[in-house]
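Single-letter residue listing:
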Amino acid sequence: KWPTIWLHYKQSLGDSNNAQFSLLHATINKRYTLGLFGDLSFHVHGGYFLEEPDYFIDYMHFYGNQTHVANPRTYWNRFLIMPYYALSTSQEFVELHLQHNFKGSLLGKLPLFKQLGWHLAGGFKYLKTGDNEPYQEFHVGIDNIGWKLFRMFSVDAVWNNYDTQLDLPSEGNRFGLVVGVKFDM
């Protein structure tokens, strides 16, 4: 089956002197079931401002997270520890998200983990905006934590390439733990 492709065009409705911008962007995403090796999903999103916006509210903003709590079902298209609005842009951008859940193919070989039913999961996230250095996150964690039918938790360790070159706000961290709670049962 083919990936889902979306092409978007956004145009402001302001007059010629106020809040003019136009944005062309596209997304490609797909989830693959790999049988015994679990599930792999990817999400690519890129775009370009044909007319740059004058106001920050019209910039392209990316899904960040500073709460250290997230929904694992949305990991495939968001960053886990990137500060909100840290890399919002009025220039070209590209983001990539890879997410793999091994569904017991690795941890299921270990007796204790097999009984617990926990799954190993991991991912990589990448964002390049304008002239900025690329922002990257790597994460690995345990999914399917819970009891019987209530397996709604995960815990992920996340590392990013946060440094002074990215000029992120002081609340940015190089490492974080994210607790996932699957809200939709």
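The structure displayed is predicted, hence computed values, not measured ones. (Residues numbered from 1 in each chain as written. Predicted model: local features only at pLDDT ≥ 70, side-chain atom pairs only at ≥ 80, totals over all residues. Heavy atoms only, no water.)

Q: Mind showing me how you'd approach the layout of surface pockets here?
A: Summary: where empty space remains is shown by rolling a probe the size of a single water molecule over the atoms. Each pocket or cavity is described by its volume, and for the largest pocket that value is around 520 Å³. Lining the largest pocket are 21 residues; nearest its centre among them are Arg31, Pro72, Arg73, Gln99 and Asn101. Looking at the lining of the largest pocket, the elements with two or more residues in it are β2 (22–33), β3 (39–51), β5 (93–101), β6 (119–129), β7 (135–147) and β8 (150–160). The dominant element in the lining of the largest pocket, judged by the number of residues it contributes, is β3, at four residues. Counted by class, the lining of the largest pocket contains six nonpolar, seven polar and eight charged residues. Each pocket or cavity is described by its volume, and for the second largest pocket that value is around 300 Å³. Along its surface, the second largest pocket is lined by 13 residues, and His45, Met60, His61, Tyr63 and Glu95 are the ones closest to its centre. Among the residues making up the lining of the second largest pocket, the classes are represented as six nonpolar, six polar and one charged. (1 Å grid on protein atoms, 1.4 Å probe; cavity = no way out; pocket = protein on both sides within 12 Å on 5 of 7 lines; lining within 4 Å. Points joined across faces, edges and corners; volume = space filled by probe spheres on them. Helix = DSSP H or I, 4+ residues; strand = E, 2+ residues; numbered from the N terminus. Nonpolar A, V, L, I, M, F, W, Y, C, P; charged D, E, K, R; others polar.)

Q: I'm lost on the environment of Gly35 in this one. Help?
A: The residue Gly35 is located in the loop between β2 and β3 in this model. For the pair Gly35 and Gly141, spaced 106 residues apart in sequence, the C-alpha separation works out to 20 Å.

Q: How do you make sense of the nonpolar core when you look at a structure like this?
A: Nonpolar side chains in soluble globular proteins generally cluster together in the buried interior. Among the nonpolar cores identified, the biggest contains 17 residues, and Met60, Phe62, Phe79, Met82, Leu127, Tyr135 and Val178 are the most heavily contacted of them. Ignoring anything within four residues of it in the chain, the contact list for Leu127 reads Phe62, Phe79, Met82, Leu87, Val94, Glu95, Glu133, Pro134 and Tyr135. (Core = buried A, V, L, I, M, F, W, Y, C linked by side-chain atoms within 4.5 Å. Buried < 20%, exposed > 50% of the residue type's maximum accessible area, 1.4 Å probe, protein only. Contact = heavy atoms within 4.5 Å.)

Q: What am I meant to see in the side chain of Gln99 here?
A: Along the polypeptide, Gln99 turns up in strand β5. A distance of 3.0 Å separates the side chain of Gln99 from the side chain of His139, its partner in a polar contact. Beyond its immediate sequence surroundings of up to four residues, Gln99 is in contact with Asp39, Leu40, Ser41, Tyr75, Ala121, Gly122, Gly123, Lys125 and His139. (Polar contact = N/O pair within 3.5 Å; in protein donor to acceptor, adjacent residues only side chain to side chain.)

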